[in-house]
Amino acid sequence: MECPCRSGREFEACCGPIIAGEIIAPDPEALMRSRYTAFCRDEMDYLQGTMVEEHRPEFNVPDVRRWNRDITWQNLEILETSADGDSGTVRFRASFRHKGGTQTLTENSRFLRRDGRWFYLDGEHETETVRNEGPKIGRNDPCPCGSGKKFKKCCG
């Protein structure tokens with residue numbers, strides 16, 4: 001099975017061993033890819049464990065799992081990476097489907113290496129202007145997601 005992180009490698013030779021704890025992520029990009037894959041596979045304990053220790057209490061596993069349940073992750077694109085000593089950054093774009101629409105998240109994530117392991121520190125989201133170039137959908141029109149419901153009762 002191809003790894004969800006879109007590296008082009010098999011899951012067992014890419015993010016699988018990192019998520020399973022068999023090997024450590026060698027750099028910030030590998031950790032970022034494994035974290036994306038963990039979202040795809042609902043591996044919330046791994047996500048929490050790869051955060052810097054001081055931020056772990058903020059990660060509410062049930063809330064994130066509930067939010068993630070409505071998401072279908074579609075693509076990860078690594079835009080830029082850098083590492084200098086014990087700090088690094090990864091700028092990425094992830095696309096996902098949520099409530100019938102495709103959305104994009106672009107983030108510049110920061111990572112720290114502590115005791116030889118990389119950890120996610122935080123991320124700054126880039127805002128993007130979204131322009132709807134199609135016809136306006138009325139509240140009582142059929143929802144474009146194909147559910148058969150009115151737009152106002154579905155994705156609206």
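Above this text you will find the structure in question.
Conventions used here
Residues numbered from 1 in each chain as written. Predicted model: local features only at pLDDT ≥ 70, side-chain atom pairs only at ≥ 80, totals over all residues. Heavy atoms only, no water. Helix = DSSP H or I, 4+ residues; strand = E, 2+ residues; numbered from the N terminus. Buried < 20%, exposed > 50% of the residue type's maximum accessible area, 1.4 Å probe, protein only. 1 Å grid on protein atoms, 1.4 Å probe; cavity = no way out; pocket = protein on both sides within 12 Å on 5 of 7 lines; lining within 4 Å. Points joined across faces, edges and corners; volume = space filled by probe spheres on them. Nonpolar A, V, L, I, M, F, W, Y, C, P; charged D, E, K, R; others polar. Pairing = 2+ DSSP bridges. Axes fitted to C-alpha atoms, helices over the stretch in contact; angles between N-to-C directions. Contact = heavy atoms within 4.5 Å.

Caption draft 1: Main features of unusual backbone geometry. In this model, Arg6 sits at a positive phi of 70°, which is unusual for a non-glycine residue. Tracing the chain through its elements places Arg6 in the segment before helix 1 (16–19). Under the relative-accessibility criterion, Arg6 is labelled partly exposed at 43%. In the Ramachandran plot, Asp42 falls in the positive-phi region, its phi being about 60° despite a non-glycine side chain. Looking at where Asp42 falls in the secondary structure, it is placed in the loop between helix 2 (28–40) and helix 3 (44–49).

Caption draft 2: Seen up close, the layout of surface pockets. Considering only enclosed or pocket space, the largest pocket measures out at about 400 Å³ in volume. Lining the largest pocket are 18 residues, and of these Phe39, Leu105, Glu107, Tyr120 and His125 lie nearest its centre. Contributions of two or more residues to the lining of the largest pocket are made by helix 2, helix 4 (61–69), strand 2 (87–98), strand 3 (101–114) and strand 4 (117–126). If you tally residues by element for the lining of the largest pocket, the top one is helix 2, at four residues. Split by residue class, the lining of the largest pocket holds 13 nonpolar, three polar and two charged.

Caption draft 3: Spotlight on the sheet that holds strand 1 (residues 71–84). Read across the open sheet, the four strands follow the order 1-2-3-4; overall the sheet is antiparallel. Every other strand in the sheet has two partners, leaving strand 1 and strand 4 as the edge strands with one partner each. The mean angle between the axes of side-by-side strands here comes to 25°, regardless of whether they run parallel or antiparallel. Judged from the nine bridges that link them, strand 3 and strand 4 form a sheet pairing that is antiparallel. Within strand 4, the residue paired with Phe111 across the bridge is Tyr120. Against the sheet, helix 2 engages strand 1, strand 2, strand 3 and strand 4, with an angle of about 165° to strand 1.

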